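Architecture and fold: a report
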Protein chains: 4
Amino acid sequence: MIIIMTNGSTRSQIDDVETKLSQLGFKTHTIYGDIKTVIGAIGDKRNLNTQTILTMPGVESIVPIMKPFKLVGRELKQIPSIVRIGEIEFGGRDIVIIAGPCAIENESTYIDTALKVRAAGASVLRGGAYKPRSSPYSFQGLAEEGLKIMKEASDVTGLKLVTEVIDTRDVELVASYVDIIQIGARNMQNFSLLREVGDAGKPVLLKRGFSATIEEWLMAAEYIAAEGNSQIILCERGIRTFETATRNTLDLSAIPVVKELSHLPVIVDPSHATGSWKYVGSMSKAAVAAGADGLIIEVHIDPSAALSDGPQSLKPEKFIDVMNDIERVAEAVDRKLKRNQDYFHQ
Amino acid sequence: MIIIMTNGSTRSQIDDVETKLSQLGFKTHTIYGDIKTVIGAIGDKRNLNTQTILTMPGVESIVPIMKPFKLVGRELKQIPSIVRIGEIEFGGRDIVIIAGPCAIENESTYIDTALKVRAAGASVLRGGAYKPRSSPYSFQGLAEEGLKIMKEASDVTGLKLVTEVIDTRDVELVASYVDIIQIGARNMQNFSLLREVGDAGKPVLLKRGFSATIEEWLMAAEYIAAEGNSQIILCERGIRTFETATRNTLDLSAIPVVKELSHLPVIVDPSHATGSWKYVGSMSKAAVAAGADGLIIEVHIDPSAALSDGPQSLKPEKFIDVMNDIERVAEAVDRKLKRNQDYFHQ
Amino acid sequence: MIIIMTNGSTRSQIDDVETKLSQLGFKTHTIYGDIKTVIGAIGDKRNLNTQTILTMPGVESIVPIMKPFKLVGRELKQIPSIVRIGEIEFGGRDIVIIAGPCAIENESTYIDTALKVRAAGASVLRGGAYKPRSSPYSFQGLAEEGLKIMKEASDVTGLKLVTEVIDTRDVELVASYVDIIQIGARNMQNFSLLREVGDAGKPVLLKRGFSATIEEWLMAAEYIAAEGNSQIILCERGIRTFETATRNTLDLSAIPVVKELSHLPVIVDPSHATGSWKYVGSMSKAAVAAGADGLIIEVHIDPSAALSDGPQSLKPEKFIDVMNDIERVAEAVDRKLKRNQDYFHQ
Amino acid sequence: MIIIMTNGSTRSQIDDVETKLSQLGFKTHTIYGDIKTVIGAIGDKRNLNTQTILTMPGVESIVPIMKPFKLVGRELKQIPSIVRIGEIEFGGRDIVIIAGPCAIENESTYIDTALKVRAAGASVLRGGAYKPRSSPYSFQGLAEEGLKIMKEASDVTGLKLVTEVIDTRDVELVASYVDIIQIGARNMQNFSLLREVGDAGKPVLLKRGFSATIEEWLMAAEYIAAEGNSQIILCERGIRTFETATRNTLDLSAIPVVKELSHLPVIVDPSHATGSWKYVGSMSKAAVAAGADGLIIEVHIDPSAALSDGPQSLKPEKFIDVMNDIERVAEAVDRKLKRNQDYFHQ
């Protein structure tokens, strides 16, 4: 941590800051410039409320030099982590595909879609039982009934399951049905939920908030990891910008940045990012080329009848094309598209 | 709702859209242009999933013409709402001031600050018992112990209380201690929490998410109102932009926009918006001049010892100056700064 | 300047950086932490391309500690600057009002509007002769013919003139007609134009680019000042954010920030910021309450006939109300609304 | 164009709008809803200032249904355009690579870099003779001396040339030296410059402004096209967002969006977008996978000695790796990396 003093800071102000830092357990080294004085404070005291140094007279600003995350950062763990769900590995050589409809609407539509998704080679089935909708008048999901339908679809197809949880009170129930618990973009800084999910003993898919910096995203992961759960898959899904041609702006440069800062696997959601099925194919290919470990793609057997996010859902036949396209790009970057074990038997 | 067809849309595609709209209960009027065809659909069907029209062949885009919010909008209720807590009125002629520290740290500091806040004339006391912190290693609040200290401070000072709730499981407990329940910026789209708070029977202070549009903010209020609770105070607290000189960018133009769209009162939080006590005075005056119904300001008897947000907290003596400045601006815009009943007795 | 080395940086990498800094004329002080090493470099070498230190092996990041602007900053000149145009002073106690239509459309409309603007008490007349329009098919301004009409309006009303220049080749001509040369938001980083205007010997109104940080804005002012022209008036006019309810988001917190960093006067353009005349009144009052030294407001005698920006233009009778409202707010913050000398004679 | 009337709009207000539209040459069709009335106006009147309809009493908003660009849009020209410079084609099957240093610093460094760039297979050489720098104290380029060095490098290597122009007065000179004239991000809405470049008779590389919407970017291209020059290559180079981990946020979804809206070729600048050479490789691959027609990459033989943008420049040996990586991704999406004709002879 470096403390930059204001131009006119006095010797006694500098002394006070040094004393305070010393009390907080830091060793200090002060550099007296012609105009500005700078105090270097050595010690890894992430838990301390050192920000209050900022309120001391003569202090202009503080520059942290350590990353605020420990458990999910590369500083302490250099080797990439692999999150395993059965034979599926996120973070290894495989490109893992999660697919399915935005919301679970009814048994037959869901299972039909699940069969199509499996036929195209995806490994994990998505579906929303609890839907965070911006309007209270929109379809909010089938809740536990939806979870039961998911379970059935898993039994039928052999696919693993991921679904979103939006309330601390539902975490245990959700964990009893699915293989991966999703934290949605709107709840990325719902810290109670992060802690609860950290305790649930299941892998977590942590979406980036649409206005979260990469550092905040990793700090959200740190909340989960701090509960003892390091089975975390990060998911970039677009950030909010001034551009309105796409729903959000997919930040693919986040992939190499995250890979540099963290050992966790990172996947991409081109469907929510762009908001239009027309852009899902090109963004899927780009994500894999950029180094993503997987994708989560919305697929619906009849997008025009979908109760949520139809415009961004691929039809199954288009999804097959996207899978084939991804396969080629994956090979061009020395990765391998994971196809489920039933893929060639179909 | 208006449906804009693509340039090359065919007659049969247009017919299909008309038929679908008709099935959904709309009356349609189609305008055939030289290049584009446009279909007007009449009927207030906010609950219907009309967005799926977007997925139909030949459809380019949909333009909604009704606001998505009903209960909190001006369309159905023209007269401004007043939220009353005892003799305090948000949304009338008074400018109401909420003040206090970011977090409740211990009994003596909190009660000392509360006394200072009362002495300066504020009407409502703030304080955090549950703190949403971006790092899991930061002080997270005293929980119920904090609520008890708040209650005691209220007993001592006669001030009303507002505190944030961040977990659905704590709503009932929080509601039993305080007069106003706060939904923080990070939870503005935590829809479970909004519903739970809507049921709690207490006025709600709803902060704007730092990346929420005004429409999304009003839709969050609609969630609370849809549970039967219309005692909602909106709070602008800055939005996330590319500018880093202030923590967030205080969007004061949101005040006249909200006043035009909604009948709900709106206050401003200059402390969180700017992140620095130095800018709180000028932004407080600007907020009142812009038409805000009140302010929520962080005050701490010793900012350098604060466990949270010290840099943005005013010292009590500075807060007195700000109150006096606000009073003059309030009068210049035909409003009146509300001072608590004990103000002249002190 | 502080150089932060990566975690695994070697002794020889550190030595190399020290040597390089020394060659560039810096004195260095190195702090060896347990995990990270930090090098403080003393010397005010703003002109040096020290950023290339960033490319050296083992360097993680560089933290500048000096502001990059000199001439326009508070570090070297503490006292606020006053920009004088005749008896008008920007940056003193007066709140100065610039008003007029977006574009000069024809002689009679312009002079009629000018008379109304004077009657309401404004001191400076605005009007666009060269219009930067996002479409090549929109009205682009009357060029020199417009400047002549401006001159005539000034002769008739006695008001001072401000107009925008958008091409280096027109600077001399524009300077021969008007009292203040405006650099528009889109040209804030048109460095050729900034230099040319810096040489023109006239006061400059420098609008903030709608995506410029405050630091970039001050650096644009530095370009003008570096040519020897310190008669610069800054103008906040809204920044681009995700919010679409207003055209841009007026960043009023920029006012106290600029006042802290720079000695230059700063005014506000509520018309372009909000894009709607409905919000101009409240934002004008807010700007003055926040500490602005003046306002630039669009006024048109018949907004529905305006060739540019009609929706954001006030009618003259509404402008009179806004002037009166501003006057009261100005007094509440110990400022005084400047009225032109003919105001009471009318 | 669709005009949405306010809830309480009167019959006479509706009549007035219809009359006005009729005077402007539109045919109108009015749809009377239960709550809102909507007026459809038929006629392609892009040049008319129809926005002033917005200022009429009773009008709530206007929804355009035609794109504002004509010449660069897909509506009138469906087939993708190819911009040819000798045997190089932008917009065909080839992926064309532009490479070179940010600024031309001196003859030997530039020619050495040019030789390395050719050896790696690039087709066009970049280099800045006029540098738009945010500080007036930074290196501003060698001007015509730089252009001469470029010409020499072209003579030596056979590579085509692209350089940026920042002043209308320099366009003719620049056009006499190079093959492609670049409009930089900061000048994307410098409309005088766009027109001048439109007249210069050379292909134009038009960078997206870092806060420009895709529509504004295409409108800037329309300015050039409106002068009769349709040899335009678009270049996505990152947009300004709240994220600070990268210099800007590379908006790769802009590629499929532009391809849908326009027939112009589009390339990507991963160097300026990310601001760090470390991310250039992954973003180059992603851009090609997303459908870009080419890349512009900064390469410098000694980044630590570069006078501008060293941190984002690749060393030649790293650039060779990136070229090879791109080649594989290009094939995976049925494209072909263009290598200059000397590539196999070296």
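Cut-offs used in this document
- Residues numbered from 1 in each chain as written.
- Chains lettered and ligands numbered in written order.
- Predicted model: local features only at pLDDT ≥ 70, side-chain atom pairs only at ≥ 80, totals over all residues.
- Heavy atoms only, no water.
- Contact = heavy atoms within 4.5 Å.
- Buried area = accessible area lost by both parts, 1.4 Å probe.
- Salt bridge = Lys/Arg side-chain N within 4 Å of Asp/Glu carboxyl O.
- Polar contact = N/O pair within 3.5 Å; in protein donor to acceptor, adjacent residues only side chain to side chain.
- Helix = DSSP H or I, 4+ residues; strand = E, 2+ residues; numbered from the N terminus.
- Nonpolar A, V, L, I, M, F, W, Y, C, P; charged D, E, K, R; others polar.
- Buried < 20%, exposed > 50% of the residue type's maximum accessible area, 1.4 Å probe, protein only.
- Domains from an automatic or database assignment.
- Least-squares fit on C-alpha atoms with pLDDT ≥ 70 in both.
- Core = buried A, V, L, I, M, F, W, Y, C linked by side-chain atoms within 4.5 Å.
- Phe/Tyr/Trp six-rings, centres within 6.5 Å; stacked < 30°, edge-to-face > 60°.
- Lys NZ or Arg CZ within 6 Å of the ring centre and 35° of its normal.
- Pairing = 2+ DSSP bridges.
- Axes fitted to C-alpha atoms, helices over the stretch in contact; angles between N-to-C directions.
- Expected span 1.5 Å × (residues − 1).
- Arc of directions from axis to C-beta.
- Parallel < 35°, antiparallel > 145°, perpendicular 65-115°, else oblique.
- Left-handed = near helix turned anticlockwise from the far one by under 90°.

**A few points about the interface of chain C and chain A**
Tallying the contact residues gives 22 residues for chain C and 22 residues for chain A. Surface buried jointly by chain C and chain A totals about 1900 Å² across both partners, of which 78% is contributed by carbon and sulfur atoms. Its largest share of buried area at the contact with chain A, chain C owes to Ile-31, Ile-42 and Ile-65 of chain C, together 26% of the area lost on that side. Counting every contact that joins chain C to chain A gives 1 salt bridge. In this structure, the salt-bridge partner of Glu-75 of chain A is Lys-36 of chain C, at a minimum N-O distance of 3.9 Å. Our count for the contact surface shared by chain C and chain A stands at 0 residue pairs in polar contact (both at pLDDT 80 or more). Of all the secondary structure elements, the ones that give two or more residues to the side of chain C that touches chain A are strand 1 (2–5), strand 2 (27–32), strand 3 (37–42) and strand 4 (59–63) of chain C. Residue composition of the side of chain C that touches chain A, by class: 11 nonpolar, 5 polar and 6 charged.

**With respect to the pattern of salt bridges**
Applying the stated rule across the entire model yields 74 salt bridges over all chains. Notably, a salt bridge pairs Glu-216 of chain A with Arg-240 of chain B, separated by 2.6 Å at the nearest N-O pair. Placement of the pair is Glu-216 of chain A in helix 6 (residues 214–226) and Arg-240 of chain B in the loop between strand 12 (232–236) and helix 7 (254–261), with the two residues belonging to separate chains. Take Glu-216 of chain A and Arg-240 of chain B: they sit in the same class, and that class is buried.

**Here's the deal with the domain arrangement of chain A**
Interface size is often expressed as the accessible area that is lost when the parts come together. Each assigned domain of chain A is listed with its residue range as follows: domain 1 (2–63) and domain 2 (83–345). Here the C-alpha centre of domain 2 of chain A lies 44 Å away from the C-alpha centre of domain 1 of chain A.

**Points about the interface of chain B and chain A**
With 47 residues of chain B in contact, the opposing surface of chain A contributes 48 residues. When chain B packs against chain A, close to 3900 Å² is buried across both sides, 48% of that on carbon and sulfur atoms. Between the two partners, chain B and chain A, sit 4 salt bridges. At the junction of chain B with chain A, the criterion picks out 25 residue pairs in polar contact (both at pLDDT 80 or more). The greatest single-element share of the side of chain B that touches chain A, amounting to 5 residues, is contributed by helix 6 (residues 214–226) of chain B. For the side of chain B that touches chain A, the per-class residue count stands at 17 nonpolar, 18 polar and 12 charged.

**Here we look at the relation of the copies chain C and chain A**
Between chain C and chain A, which share one sequence, the superposing operator has a rotation angle of 180° and an axial displacement of 0.0 Å; the RMSD is 0.0 Å. The superposition operator between the copies reduces to a two-fold rotation axis. In terms of C-alpha distance to the rotation axis, chain C has Phe-242 of chain C as its closest residue, with the C-alpha 2.2 Å off the axis. Both copies share a contact surface, since 100% of the interface residues of chain C are interface residues in chain A too.

**Regarding the nonpolar core**
Core analysis: the biggest nonpolar cluster contains 164 residues, and Leu-206, Leu-234 and Phe-319 of chain B together with Leu-206, Leu-234 and Phe-319 of chain C have the highest contact counts within it. Those residues within four positions of Phe-319 of chain C in sequence are excluded, and the remaining contacts are Ile-97, Ala-99, Val-117, Ala-120, Ala-122, Ile-297, Val-299 and Leu-314 of chain C. In terms of nonpolar packing, the next biggest core, distinct from the first, is built from 163 residues, Ala-212 of chain A together with Val-72, Ile-166 and Val-174 of chain D among them.

**Re the packing of aromatic side chains**
All chains considered together, the criterion is met by 4 aromatic pairs over all chains. Plain terms: the ring middles of Phe-191 of chain C and Tyr-223 of chain C are 4.5 Å apart, the flat faces sit at 20° to each other, and that makes the pair stacked. Placement of Phe-191 of chain C in helix 5 (residues 191–198) and of Tyr-223 of chain C in helix 6 (residues 214–226) is noted, with a sequence separation of 32 residues between them. Considered together, Phe-191 of chain C and Tyr-223 of chain C belong to a single accessibility category, that of buried residues. Sitting over the face of the ring of Phe-242 of chain B, Arg-240 of chain D holds its NZ or CZ atom 5.6 Å from the ring centroid.

**Notes on the environment of Phe-139 of chain C**
Summarising the element assignment, Phe-139 of chain C is placed in the loop between strand 8 (124–126) and helix 3 (144–157). Residues in contact with Phe-139 of chain C, not counting those within four places in the same chain, are Ala-103, Ile-104, Lys-131, Arg-133 and Leu-307 of chain C.

**Considering the relation of the copies chain B and chain A**
One chain copy maps onto the other through a rotation about an axis and a shift parallel to that axis. Placing chain B over chain A gives an RMSD of 0.0 Å and needs a rotation angle of 180°, together with 0.0 Å of translation along the axis. Most of the interface of chain B is mirrored in chain A: 100% of its interface residues are interface residues there too.

**A look at the environment of Asp-15 of chain C**
Note that Asp-15 of chain C resides in helix 1 (residues 11–23). Each C-alpha atom of the pair Asp-15 of chain C and Thr-30 of chain C lies 9.9 Å from the other, and the pair is 15 residues apart in sequence.

**Here's the deal with the sheet that holds strand 3 (residues 37–42) of chain D**
All names here are of chain D. Spatially, the 4 strands line up as an open sheet ordered 2-3-1-4, and their pairing is antiparallel. The sheet is open, and its two edges are formed by strand 2 (27–32) and strand 4 (59–63), each paired on a single side. The average angle at which neighbouring strand axes cross in this sheet is 20°, direction not considered. Two elements, strand 1 (residues 2–5) and strand 3, share 3 bridges in a ladder whose sense is antiparallel. Residue pairing for strand 3: Ile-4 is matched across the bridge by Val-38. Most of the contacts of helix 1 (residues 11–23) go to strand 2, to which it runs at about 160°, and overall it touches strand 1, strand 2, strand 3 and strand 4.

**Some words on helix 3 (residues 144–157) of chain B**
Residue and element names in this part refer to chain B. With 14 residues, helix 3 extends 20 Å between its outermost C-alpha atoms, agreeing within 8% with the 20 Å of an ideal straight helix rising 1.5 Å per residue. All of the buried residues along helix 3 are Gly-146, Leu-147, Ile-149, Met-150, Ala-153, Ser-154 and Thr-157. Buried positions in helix 3, seen along its axis, are confined to an arc of 160° and lie on one side of it. Tucked into the core, helix 3 has its buried residues touching helix 2 (107–120), strand 8 (124–126), strand 9 (160–164) and helix 4 (171–177). A positive phi of about 80° marks Gly-158, the residue just after helix 3.

**Things to note about the sheet that holds strand 4 (residues 59–63) of chain A**
Residue and element names in this part refer to chain A. Taken in spatial order, the 4 strands make up an open sheet running 2-3-1-4, and their pairing is antiparallel. Both edges of this open sheet fall to strand 2 (27–32) and strand 4, since each of them pairs with a single strand only. On average, each strand axis in the sheet is tilted by 20° relative to the strand beside it, whichever way the strands run. Against the sheet, helix 1 (residues 11–23) contacts strand 1 (2–5), strand 2, strand 3 (37–42) and strand 4, and its axis sits at roughly 160° relative to strand 2.

**A look at the pairing of strand 14 (residues 294–298) of chain D**
Residues and elements named next belong to chain D. Burial runs high along strand 14: 5 of the 5 residues are buried. Both faces of strand 14 are covered, namely the face carrying Gly-294, Ile-296 and Glu-298 and the face carrying Leu-295 and Ile-297. Bridge count for strand 7 (residues 94–100) against strand 14 is 5 bridges, and the pairing is parallel. Across the sheet, Gly-100 pairs through a bridge with Glu-298, a residue of strand 14.

**Here we look at helix 7 (residues 254–261) of chain C**
Of all the residues in helix 7 of chain C, the buried ones are Ala-254, Ile-255, Pro-256, Val-257 and Val-258 of chain C. Tucked inside the fold, the buried residues of helix 7 of chain C contact helix 9 (280–290) of chain B together with helix 6, strand 12 (232–236), strand 13 (266–268) and helix 9 (280–290) of chain C.

**Focus: the packing of helix 9 (residues 280–290) of chain D against helix 10 (residues 316–332) of chain D**
All names here are of chain D. Closest axis-to-axis distance for the helix 9/helix 10 pair is 9 Å, and the angle between their directions is 25°. Taken together, the axis directions place helix 9 and helix 10 in an arrangement best described as roughly parallel. Here helix 9 runs over helix 10; the crossing is right-handed. Residues Gly-281, Ser-284, Lys-285, Val-288 and Ala-289 of helix 9 touch helix 10, and the partners they reach there are Val-322, Asp-325, Ile-326, Val-329 and Ala-330. Residue classes in the contact of helix 9 with helix 10 are distributed as 6 nonpolar, 2 polar and 2 charged.

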